[in-house]
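# Descriptive structure summary
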Amino acid sequence: MARYKNLSIALFFFLFAFFCQIALANEGDSVVNWVVESQNSLALGITATTCMNYPGNNSIVVTVLNYPQNTLNANSTVTAVLFEPDGDVNSNISFSNNSDGNYSKIINFDANGTFKLAVHAVSDTNASITGDANAYIYVGSFAMDISFLNNNAAYNQGDSGSIRNMVKNSDGNAFVGLSGTTSIYYPSFSVFVQGAAMSGLSGTGEYYYNFIVPSVSGIYLATSAFTCGLSTDSNASGRFTVADSYVPPQPPSPVTPGGGGGGGGGSGEGPAEQPLEDEALKIIGAGFDKNLELDMASAVFVTVLNTGRKPIPFNLFIEIKQGDSVKYSAEFLVPILEPGKTRKIFADALWTPVLGGSYRILAEASSIDKTKVFSRLVEKFVVGGGVWRYDILAECLKKEVKINETADARIMLLNLGNYYEDTSLEWWVENGKGLVIGKSSFTLALYPDENRLIQREVFIPEGTPEGEYLFKAKIKLNEFEQVSFCSFKVKGIGDYNTVLSQIEKNLAGLDDFIAKAKADGLDISAEESELSALKASFKNLKVLAASGETALFSQKIQAVLNGVNNLIDVLHARQLKFGLIKIFWIFVVVQLSLIISLALLCYFERKAFAKLLGLAESKGKYR
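Thresholds, definitions, all that
Residues numbered from 1 in each chain as written. Predicted model: local features only at pLDDT ≥ 70, side-chain atom pairs only at ≥ 80, totals over all residues. Heavy atoms only, no water. Pairing = 2+ DSSP bridges. Helix = DSSP H or I, 4+ residues; strand = E, 2+ residues; numbered from the N terminus. Axes fitted to C-alpha atoms, helices over the stretch in contact; angles between N-to-C directions. Disulfide = S-S within 2.5 Å. Buried < 20%, exposed > 50% of the residue type's maximum accessible area, 1.4 Å probe, protein only. Salt bridge = Lys/Arg side-chain N within 4 Å of Asp/Glu carboxyl O. Core = buried A, V, L, I, M, F, W, Y, C linked by side-chain atoms within 4.5 Å. Contact = heavy atoms within 4.5 Å. Polar contact = N/O pair within 3.5 Å; in protein donor to acceptor, adjacent residues only side chain to side chain.

## As for the sheet that holds strand E33 (residues 451–459)
- Strand order in the open sheet made by the three strands is E27-E29-E33, with antiparallel pairing throughout. Here the strands that pair on one side only, and so sit at the sheet edges, are strand E27 (390–396) and E33. The average undirected angle you get between the axes of adjacent strands in this sheet is 25°.
- Pairing of strand E29 (residues 406–415) with E33, which is carried by nine bridges, proceeds in the antiparallel orientation. Bridge assignment links Arg410 to a residue of E33, and that residue is Gln455.

Written out as structure tokens, the structure reads:
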């Protein structure tokens, strides 16, 4: 029996060490090479449920990074001011330091409406190093005011198009942090884009989706939908037009004078020409007077052709955008352009690009009263010379992931350069043996000095080997890239199978012990019933292990181990007691046997002595 009890004790310590290993593994394991700048501050990322269905508690986590080095800062004091819907201000909110760069606080949002949380962080080592960030929390149901910002836009085939929406809530404030989608339909009402995710401009309530304008001309329809908790609303009034490909008008075919006397034949002329409009313009190009360079002024021009029959004055509008930010605009009157003439028209104001990357130029020619648009052109161009420099930090939210669960990570991105361009963000999970799981990507662009906190997950499928894994995130533009990763463990049921095997051996040993005890005549019906209950609990443990319910398995296994140990102790005590009683009765029997033997011996000895005495007396008498 000592063998079974020692095995149970060893099993308990094995489990204790196993779960301690899980709890203490992977501390501080994010690795990334950062760009080190001379100016220091703190960058904050706020994680919270931004759309709450009902009033109640909300767990707020603030991630603090040393900016621009982008290392987690665990030595700061984080406080917040909460602006409530009724105008009250709560300025006494302190966050708990989790000692890993994250600071947490559970805040009660006790009313319906819009709350603003203004978070402030101060470095404990240098009070001049600070950081600020705001978050909006929406509680209850909201009516959404959704409008299209660039509705009825006109595009040419192959242009860069954009669906843009402004969303405000019932308080009249910009509605930020929403989940938005848009669907676009061809002029035939078939689907061009279905449920595409829209991106939000930080803190503005403006959302956008960019696309390449297709080659089918006509009027397109667009619908945008937004969701916040239980509130969902949409607007189906989006419109834009794609123009036909422009074909310059052909001059009339010359008529060769014929010889005399012919007659009766056809005229030989081609199909009748379409008459020209009286007033018609075509913008055939836009550009700059020299190669664009950062911080160097350039003149902007638009080339316009009069395709009509009459001289025409018109209004010319020019706009340059980077992303959704307007960088240059000019509007002026062109007094006259003769029919069939092409003119390169320069704007008076020069443009000086201060950021590298992609831009769009929009040129629009309209009537003097702006009631009619003659022509519209959108073209994309690139300004070189800027520095693309992103920093990225991946932080694993779980240090252990079970099979059939997701590995979750927060990805912090910062644009430290002076270059704005669509950039590819990729994320995936891999181990040291070349296994790659769930590689995904999407495109985004950050303005210089803008940061963004993104949470992504990768599903760990059935059959994934146990062991150490990395959650990797990579930001990339052409040959430039920056990678960050954090580590976690994938746990299956291999360790639990070892534990179950040991328990199964213990239960089998108890079966043997009880069978022997019953053969010896020991009444152990109560212990036999307890063993049956332990076997039922053991079956439940096997089911939990097979289903991957490791957390519940960990809770239940201790009760089974305690039950096995207690039953071993009880049976051991019963066996000892039974042995002592058995020895006692053996002793009693032996003692009784000795007493009876001595009594019989005395009896026979006395009888023999009496006989001898009688013989002696007889001999004396006859002598």
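## A few points about unusual backbone geometry
- One non-glycine residue, Asp295, lies in positive phi territory at about 65°.
- Structurally, Asp295 is set in the loop between strand E20 (281–288) and strand E21 (300–306).
- Residue Lys370 is not a glycine yet carries a positive backbone phi of 65°.
- By secondary structure assignment, the location of Lys370 is in the loop between strand E25 (356–366) and strand E26 (373–383).

## Quick look at the state of the cysteines
- For the structure on display, the rule yields two disulfides.
- The disulfide that involves Cys51 links it to Cys228, with 1.9 Å between the sulfurs. One quick way to see it: the torsion about the S-S bond of Cys51 and Cys228 is about -110°, and its sign makes the bridge left-handed. Residue Cys51 is found in strand E2 (residues 51–52), and its partner Cys228 is found in strand E18 (residues 218–228); the two are separated by 177 residues along the sequence. Assigned by exposure class, Cys51 and Cys228 land together as buried.
- Note on cysteine connectivity: Cys396 is disulfide-linked to Cys486, with sulfurs 2.1 Å apart. Where Cys396 bonds to Cys486 through sulfur, the torsion about that S-S bond is close to 90°, and the disulfide is right-handed.

## A short note on the pattern of salt bridges
- Under the defined criterion, the tally for this structure stands at twelve salt bridges.
- A network of salt bridges, in which partner residues are shared, links Asp278, Arg309 and Lys310.

## Some remarks on the sheet that holds strand E17 (residues 206–212)
- If you walk across this open sheet you meet the four strands as E11-E13-E17-E16, and the pairing is antiparallel. Edge positions in the open sheet fall to strand E11 (145–148) and strand E16 (199–200), since each of these has one partner strand only.

## Re the nonpolar core
- Grouped together as the largest cluster of nonpolar side chains are 31 residues, with contacts concentrated most on Phe314, Leu316, Ile318, Ile320, Trp351 and Phe381.
- Other than its neighbours up to four places away in sequence, Phe381 contacts Phe288, Leu292, Ile320, Trp351, Gly357, Ser358, Tyr359, Arg360 and Ile361.
- With 29 residues, the next largest nonpolar core counts Ala394, Ile403, Ile454 and Val458 among its residues.

## Quick word on the pairing of strand E5 (residues 76–83)
- The alternating pattern of E5 places Ser76, Val78, Ala80 and Leu82 on a buried face, while none of Thr77, Thr79, Val81 and Phe83, on the opposite face, is buried.
- Relative to strand E9 (residues 113–123), E5 runs antiparallel, the two sharing eight bridges. Paired with Leu82 across the strands is Leu117, a residue of E9.
- Sheet topology places E5 next to strand E6 (residues 89–94); four bridges connect them, and they run antiparallel. Within E6, the residue paired with Leu82 across the bridge is Asn90.
- Taking the residues that link successive antiparallel strands as the turn, the E5-E6 hairpin has five residues, and the phi of Gly87 there is positive, at about 95°.

## Some words on the side chain of Thr423
- In this fold, Thr423 is placed in strand E31 (residues 423–431).
- A distance of 3.5 Å separates polar atoms of two side chains, one belonging to Thr423 and the other to Trp388.
- Here Glu421 takes part through its backbone oxygen, which lies 3.0 Å from a polar atom of the side chain of Thr423.
- Those residues in contact with Thr423, other than ones at most four positions away along the chain, are Trp388, Tyr390, Phe442, Thr443, Leu444, Ile475, Lys476 and Leu477.

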